[in-house]
Amino acid sequence: MESKSFNNFKSYVGLEEHEMQPLGSSRRNSLTENNVKLLPGECMVTKAQSVLMFSPVSDLKQGTSGILSVTNFKLTFITTEDTNGEDVARQQNHLYGYMDTCLTNIQDIYVTVGDKKRKLVPGNTVPSKVKGIFIICKNLRTWSFSFKFSPIGDGKNLLQALLHHTFPSKHDLLFAYDYQEAYYSSLDKTVRLFRDISDWYNELERTICNEKFRKLWRLSTVNIDFKLCRSLSRYIIVPASITDSQLMDAAKHFQGSRPPIWAWSSAHGAALVKMPELSPLVTNRMQENIMFENVRKSHPQKMPPIVLELNKDINIKLIAIAFSKFASLCSPENIRQFWLQDNNFYSSVENTKWLKYVSYCLSKTVETCNHLHSGFSVILQEGAGTDLCCIISSLVQLLLDPYFRTLNGFQSLLQKEWVAGGHPFCDRLGHIAKRPMEKSIFVSRQSPLFLLYLDCVWQLIQQFPAEFEFTETYLTTLWDAAHVCIFDTFIFNCEKDRVAAATDPEKPLVLRSVWDWREQFNDQDILLFYNPLYNPRVADSSEKCEIKPLYHIATIELWTQCYFRWIPTLEIRNGGQNHIELYVRLLRNDVNQLRMNINGNCGSPINKSNSYSVPMNIDSFYPFSNKKSGNSVSAPIMNSSILATESLLEAQSLITATD
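Note on numbering: residues in each chain are counted from 1, in written sequence order. Selection of residues for local features in this predicted model requires a pLDDT of at least 70, selection of side-chain atom pairs for listing and counting requires 80 or more, and totals for whole chains, interfaces and linings are taken over all residues. Side-chain descriptors were evaluated using all non-hydrogen atoms of the structure, hydrogens and water having been removed beforehand.

A. Structural context of the packing of helix 10 (residues 388–400) against helix 13 (residues 449–463). One way to put it is that helix 10 packs onto helix 13 with a least axis distance of 9 Å and a crossing angle of 20°. The angle between helix 10 and helix 13 places the two elements in the roughly parallel class. Two packed elements cross with a definite hand, and for helix 10 against helix 13 that hand is right-handed. Only L449, L452, Y453, C456, V457 and L460 of helix 13 make contact with helix 10, whose side of the interface consists of L388, I391, S394, L395, L398 and L399. Only Asp, Glu, Lys and Arg are considered charged, only Ala, Val, Leu, Ile, Met, Phe, Trp, Tyr, Cys and Pro nonpolar, and every remaining residue, Gly among them, polar. Considering only residue class, the contact of helix 10 with helix 13 consists of eleven nonpolar, one polar and no charged. The axes used here are C-alpha line fits, helices contributing only the stretch in contact, and every angle between their N-to-C directions lies in the interval 0 to 180 degrees. For the purposes of this entry, the term helix denotes a DSSP run of H or I that reaches at least four residues, the term strand denotes a run of E that reaches at least two, and both are numbered from the N terminus. Should an angle fall under 35 degrees it is called roughly parallel, over 145 degrees roughly antiparallel, and 65 to 115 degrees roughly perpendicular, with every other angle called oblique. Two helices that cross are described as forming a left-handed crossing if the nearer one is turned anticlockwise from the farther one by less than a right angle, and a right-handed crossing if clockwise. For this analysis, residues touch if any pair of their heavy atoms sits within 4.5 Å.

This is the structure in structure tokens:
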């Protein structure tokens, strides 16, 4: 992935498919069975013939007939109306198609019984005759299928297979362990994975420029073999005043055996520290006070730290309940339910408390930033220190450190605070179905902490559109990628589990990072991750670069692209904010061409005559559109034609619309 800057600007509209083939496209999807494209290692489990698929939230009672299939990776629907991905104005994923959904993306499965539907969980008995099924995905997409015209038994067989493979009981049943595609990483080295000790040294030096302040903290290898704590990385940064043996003794008193760890420092030496709470059985708070004292000693002026307890008004269970209620508003089963919800939509959203929790996270972030700006170190404390600590710590660094607002910086931040920091992605995303002895009880530790964080980041992008190199399309795509059970970034709870899987003597797992976006997309889609309004000269200046967001509930907006993109009724045809963004991208091409001409380089920077295909009638949820692209215009790679931009705006954009 290339770094974007003003001096080497590249067009924000992608290459056409015949000019830029995706990495490995000659091997991927080469195997087909009944027109179902299969990845290496993917196999067909079962299929149902003559299935009717109904459009989501539609008043049309007529469905589309096709074949519904289950593989060990996805649920896929093949219809005679399928265009094989041709002429569509939407994101194209190399791993799965628009009519597919990864099994790990499925949240709930309902079976139609008479005029009602019943939720099925692992261990439930499947009815002998299945009339239809309704599926809600974790990214809020819904699927509705009828087996009315299917051969007898097809519906039951498919539903049994779907239940079995969608909710695996063991980690090694995830498709990542079956995926046989060779992996040649094209990951940009500027994305730090924080698995090597050099990444931690570099981060310490980058953040704390004053060598005197830097000596107050040290990089410890006490967890090199994960003997201190299984959920932390091999390397941790701790107060220089504490020895490794003291750290080992202290860790036993905290939840998850996690000692306090350094996250970031300001230019004045005030530090941001993440710290778990004491274990429930520990009544003596001496070790906690000792840790507070060591953080105080690590301050240049030996000022006592400020402790923020994060889970007083919020916890992972409350967040899960709130999102469950909110998700029901974003995934209506039919048009009647949609209109009923629409009558009281905003009051219903308020009752879910989802936006309240977004506001809470932003307010705690601003509070933390204010303390750091005043010169006080801050200790973030909650539970095991792997959930809300990740959210607040990451948001604080986004507000105070412009490096993390670049795309590579943001990905490095997620690696440091979430992946190396031990956020239990596997549990929180619900990849594995946790079952006790009683099979009738379904246990879940699922809670969308990561989505809550992404929503907070989206709020920041809305308030500061020129401060972030990445776009909301990137954030939405990242949430989708979290449910693709191929990338080690999201399928493990901690670094120890990743190391164990990669070094398994019988079946070592190939670790594939989600930041290697060419595994999923071609350059046309990847370029949509970059913000055309981003101004790196502001972020790189020596002036104050902190941003201070509004966080009161009245200023919080709904992330429509992420939450409502699967509801065609809410899509603005041939309009929306995307037209403004597309025009900005085309204008940036012209500005860059003028800059090249002024510098005396009048020739094209690209020798061959490549061009970009610009969809004319994109919709408000582009590139997650539900329709074909229709007409398009082509523009030179660095110099979009005036005719193209003018006709685009005249015919399609709301910019030129009269009041």
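B. Fine view of the pairing of strand 9 (residues 116–120). Each pair of strands is called paired provided DSSP finds at least two bridges between the two strands. The pairing of strand 8 (residues 106–113) with strand 9 spans five bridges and is classified as antiparallel. By the bridge assignment for strand 9, Y110 is matched with K119. What sits between the antiparallel neighbours strand 8 and strand 9 is a turn of two residues, in which G114 has the positive phi angle 65°.

C. Seen up close, the sheet that holds strand 16 (residues 306–309). With mixed pairing, the four strands of this open sheet are ordered in space as 14-15-17-16. Two strands close off the open sheet at either side, each with one partner strand: strand 14 (261–265) and strand 16. Strand-to-strand, the axes of this sheet are offset by a mean angle of 25°, without reference to chain direction. Across four bridges, strand 14 lies against strand 15 (residues 271–275) in antiparallel orientation.

D. Examining the packing of helix 13 against helix 14 (residues 472–481) more closely. For the pair helix 13 and helix 14, interaxial distance at closest approach is 10 Å and the crossing angle is 175°. Classified by the angle between their axes, helix 13 and helix 14 sit roughly antiparallel to one another. Mapping the contact onto sequence places F450, L451, L454, V457, W458 and I461 in helix 13 and E472, L475, L478 and W479 in helix 14. Taken together, the residues that form the contact of helix 13 with helix 14 break down as nine nonpolar, no polar and one charged.

E. View of the packing of aromatic side chains. Each Phe, Tyr or Trp ring (for Trp, its six-membered ring) is paired with any other whose centre lies within 6.5 Å, and the angle between the two planes then decides the class: stacked below 30 degrees, edge-to-face above 60, tilted in between. Taken as a whole and assessed by the stated rule, the structure comprises 34 aromatic pairs. Summarising the aromatic geometry, the rings of F194 and W200 are spaced 4.9 Å apart at their centres and angled 65° between planes, so their arrangement reads as edge-to-face. What makes F194 buried here is its relative accessible area of 2%. Taking the relative accessible area as the measure of exposure, W200 reaches 6% and is therefore buried. Between buried and exposed lies partly exposed: a residue is buried under 20% and exposed over 50% of the maximum accessible area for its type, with that area taken using a 1.4 Å probe on protein chains only.

F. Here's a closer look at unusual backbone geometry. A cis amide bond links Y622 with the next residue in sequence, P623, at an omega value of 5°. Structurally, P623 can be placed in the loop between strand 18 (611–615) and strand 19 (624–628). The backbone of S50 sits at a positive phi, close to 50°, despite the residue not being glycine. Mapped onto the elements, S50 comes out in strand 3 (residues 44–54). On the basis of relative accessibility, which here comes to 33%, the residue S50 falls in the partly exposed class. Its identity is not glycine, yet S257 carries a phi of approximately 55°, on the positive side. Tracing the chain through its elements places S257 in the loop between helix 4 (244–251) and strand 14. For S257, a relative accessible area of 28% corresponds to the partly exposed category.

G. How the structure looks around the sheet that holds strand 7 (residues 100–102). Pairing is antiparallel across the open sheet formed by eight strands, whose spatial order is 7-5-4-3-11-10-8-9. Two strands close off the open sheet at either side, each with one partner strand: strand 7 and strand 9. Each strand of the sheet is rotated relative to its neighbour by a mean of 30°, with strand direction disregarded. In this sheet, strand 4 (residues 64–71) lies alongside strand 3 in antiparallel orientation, the contact comprising seven bridges. Residue pairing across strands places T46 opposite V70, the latter belonging to strand 4. With respect to the sheet, helix 1 (residues 154–166) is in contact with strand 3, strand 4, strand 5 (74–79), strand 8, strand 9 and strand 10 (132–137), its orientation differing from that of strand 3 by roughly 120°.

H. Highlighting the environment of G383. As for its position among the elements, G383 is in the loop between strand 17 (378–381) and helix 10. Classification of G383 as buried rests on a relative accessible area of 14%. Separated by 107 residues in the primary sequence, G383 and P276 place their C-alpha atoms 5.4 Å from one another. The contact partners of G383, leaving out residues within four places of it in the chain, are Q255, P276, E277 and N311.

Without other data, these values stay purely geometric and don't point to any function.
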